[in-house]
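What the coordinates show
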Amino acid sequence: MSMKQKSAKKHLSQKRTTKKSSLSLRYISISFLALVVLFAGSSLLKATTKIHVLGTSTGPVFLADKGESDGQTTDNAPTSGPTGPTPSASGNGGNNTSGNNSGGSPTIISGGTTTQPASNTQVDCIGPDGKHFTTDFHNCQELNQKWGLNNFQFIPLGKSEDNQTETPEKPEPTQAAEHSQGKLEVQMEGNKGEFNFETAGTHIEMKQEDDGSISIKAKKADGTEVQLQTSALDQINESLKEKDIEVGTTSANGFAIRSGGVEAQTSFPLSVDPSTKTLAVTTPNGTTDVTVLPNQAVKSLLDQKVLSNILSTGNATTASAAAGTQTVGLTEVNNQPAFAIQGVSDKRLFGLFPVAFNKTVFVSAQNGQTLQTQESLINQILENLSF
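Keep in mind that this is a model prediction, so the values were computed, not measured. (Residues numbered from 1 in each chain as written. Predicted model: local features only at pLDDT ≥ 70, side-chain atom pairs only at ≥ 80, totals over all residues. Heavy atoms only, no water.)

Quick word on the pattern of salt bridges
One pass over the full model with this rule turns up ten salt bridges. For Asp303, the salt bridge goes to Lys299, with nearest N and O atoms at 2.8 Å. Placement of the pair is Asp303 and Lys299 together in helix 5 (residues 294-303), with a separation of four residues, close to one helical turn. Across the pair Glu383 and Lys359 runs a salt bridge whose closest N-O atoms are separated by 2.8 Å. Here Lys359 lies in strand 21 (residues 353-364) and Glu383 lies in helix 6 (residues 377-384), a separation of 24 residues in the sequence. On the basis of relative accessibility, which here comes to 10%, the residue Glu383 falls in the buried class. Its relative accessible area of 9% is what places Lys359 among the buried residues. (Salt bridge = Lys/Arg side-chain N within 4 Å of Asp/Glu carboxyl O. Helix = DSSP H or I, 4+ residues; strand = E, 2+ residues; numbered from the N terminus. Buried < 20%, exposed > 50% of the residue type's maximum accessible area, 1.4 Å probe, protein only.)

Below, the structure written as structure tokens:
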């Protein structure tokens, strides 16, 4: 081999070595650049995995990406709240590992019930990532809804100790309660209906018509009248029951007021205001409120020893009058409605001989004052000599 050939072969070998070195250097550079990119990407990805803070009315609840909450990898929820997916821009939570969705009502998974508890009920709350933690229902609901989960799961544990009151059951309506609503069965031109007799300004009037029949009418403030059935008295008396008052009719087509075991009978028309529970009597001198009841008038005479005993003037006729009910009259004296009370005054003539003096005492139905006393002349003389 000539020197020229050797020189050319040597030059080719050097050229190949240089080319290999260049390729190796290029591969090393590319590998180094790839490592730098991977390292930077890893650092960037790790930097974006930050703890997100969700503010609630009870304070911030810390939520981290699943498996990255301060390095915790256990299934137990941290004391500051559950871990869960970061919410999307639309406000809905990410993947829901517990099978919840963004619509519907809260789901209770305890005993098969689906009743929503009170806000202060302690619950085992299942967070957006399926982890459990203990709080009250209000916080559990608010947390899940903040993450777009309206249909979430929890297990009721019981009510908080500071408020364990229960809602009382609503009592069933009774017949008395229905009557107190003021609805009466009325009859006008042969048609039946309802009439609210407790409307302000409305009163019930009972009077004897010219033909001797009894009429019961509801009169409104505007002057309109509605004819009532006689059965309406039962409902009127139901509304007066709280004051121990009852009204009714007598066998002589008159009217009666009963209170506290004493019944006052009269031929004068009576009026009842169901809204104020007051009575009125209409005499030839006009309509006057009855502010003193018959039993109160009788008690006053007995307490003052004006009478020792009461003598009934007839038989009680009101529906609830029991045996032994005393009866008195309701009339007019000195242009005032007055109770006519018959009785006996027991005394001793000259302080020695027992004597009973019969008399009738008239007591005002407006103020309870004694208006008049009817007694025979001989009784008046003898009573003045007795004590």
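Looking at the pairing of strand 21
A regular strand places its side chains so that they alternate between the two faces of the sheet. Summarising the sheet, strand 20 (residues 336-349) and strand 21 pair through twelve bridges and their orientation is antiparallel. Looking at strand 21, one finds that Leu349 is bridged to Phe353. Adjacent in sequence and paired antiparallel, strand 20 and strand 21 are bridged by three residues, among which Phe350 carries a positive phi angle near 55°. Taking the residues that link successive antiparallel strands as the turn, the strand 21-strand 22 (residues 370-374) hairpin has five residues, and the phi of Gly368 there is positive, at about 80°. (Pairing = 2+ DSSP bridges.)

Some remarks on the packing of aromatic side chains
Using the criterion set out here, one finds three aromatic pairs in the structure. Here Phe137 and Phe152 contribute two aromatic rings whose centre-to-centre distance is 6.1 Å and whose plane-to-plane angle is 35°, an arrangement assigned as tilted. One end of the pair, Phe137, is in helix 2 (residues 137-146); the other, Phe152, is in the loop between helix 2 and strand 6 (153-159), and 15 residues separate them in sequence. What makes Phe152 buried here is its relative accessible area of 0%. Ring-pair connections join several aromatic residues into one group, and the members of that group are Phe137, Phe152 and Phe154. (Phe/Tyr/Trp six-rings, centres within 6.5 Å; stacked < 30°, edge-to-face > 60°.)

Remarks on the sheet that holds strand 9 (residues 203-208)
Reading across from one edge, 11-10-9-15-16-17 is the order of the six strands in this open sheet, with antiparallel pairing throughout. Of all strands in the sheet, those with a lone pairing partner are strand 11 (225-227) and strand 17 (286-290), marking the two edges. Sheet twist, expressed as the average angle between the axes of neighbouring strands with direction ignored, equals 25°. Sheet topology places strand 9 next to strand 15 (residues 270-273); three bridges connect them, and they run antiparallel. Residue pairing for strand 15: Ile204 is matched across the bridge by Val272. (Axes fitted to C-alpha atoms, helices over the stretch in contact; angles between N-to-C directions.)

Quick look at the side chain of Ser271
Here Ser271 lies in strand 15. Look past the residues within four positions of Ser271 in its chain and what remains in contact with it is His203, Ile204, Glu205, Thr278, Leu279 and Ala280. (Contact = heavy atoms within 4.5 Å.)

A look at a nonpolar patch on the surface
Taken together, the side chains of Phe350, Leu352, Phe353, Leu377, Ile378, Ile381 and Leu385 define a hydrophobic patch exposed on the protein surface, amounting to about 740 Å² of accessible area. Sort the elements by how many residues they give to the nonpolar patch and helix 6 lands first, with three residues. Mapped onto the elements of the fold, Ile381 is located in helix 6. When its relative accessible area of 44% is taken as the criterion, Ile381 is described as partly exposed. (Patch = residues over 30% accessible without salt bridge, like charges linked within 9 Å, V, L, I, M, F, W, Y side chains within 5 Å. Areas by Shrake-Rupley, 256 points an atom, 1.4 Å probe, with all protein chains shown as cover.)

Observations concerning the nonpolar core
The biggest cluster of nonpolar side chains holds 36 residues, and the ones touching the most others in it are Leu279, Leu330, Phe339 and Ile341. With four residues, the single largest contributor to this core is helix 4 (residues 232-240). When sequence neighbours within four positions are dropped, the list of residues in contact with Ile341 reads Ala297, Val298, Leu301, Leu307, Ile310, Val328, Lys359, Thr360, Val361 and Val363. Membership of the second largest hydrophobic core comes to nine residues, among which are Val123, Cys125, Phe137 and Phe152. (Core = buried A, V, L, I, M, F, W, Y, C linked by side-chain atoms within 4.5 Å.)

Quick look at the environment of Thr313
Here Thr313 shows up in the loop between strand 18 (309-310) and strand 19 (326-333). Overall, the relative accessible area of 40% leaves Thr313 in the partly exposed class. Considered as a pair, Thr313 and Ala340 are 27 residues apart in the sequence and their alpha carbons are 9.3 Å apart.

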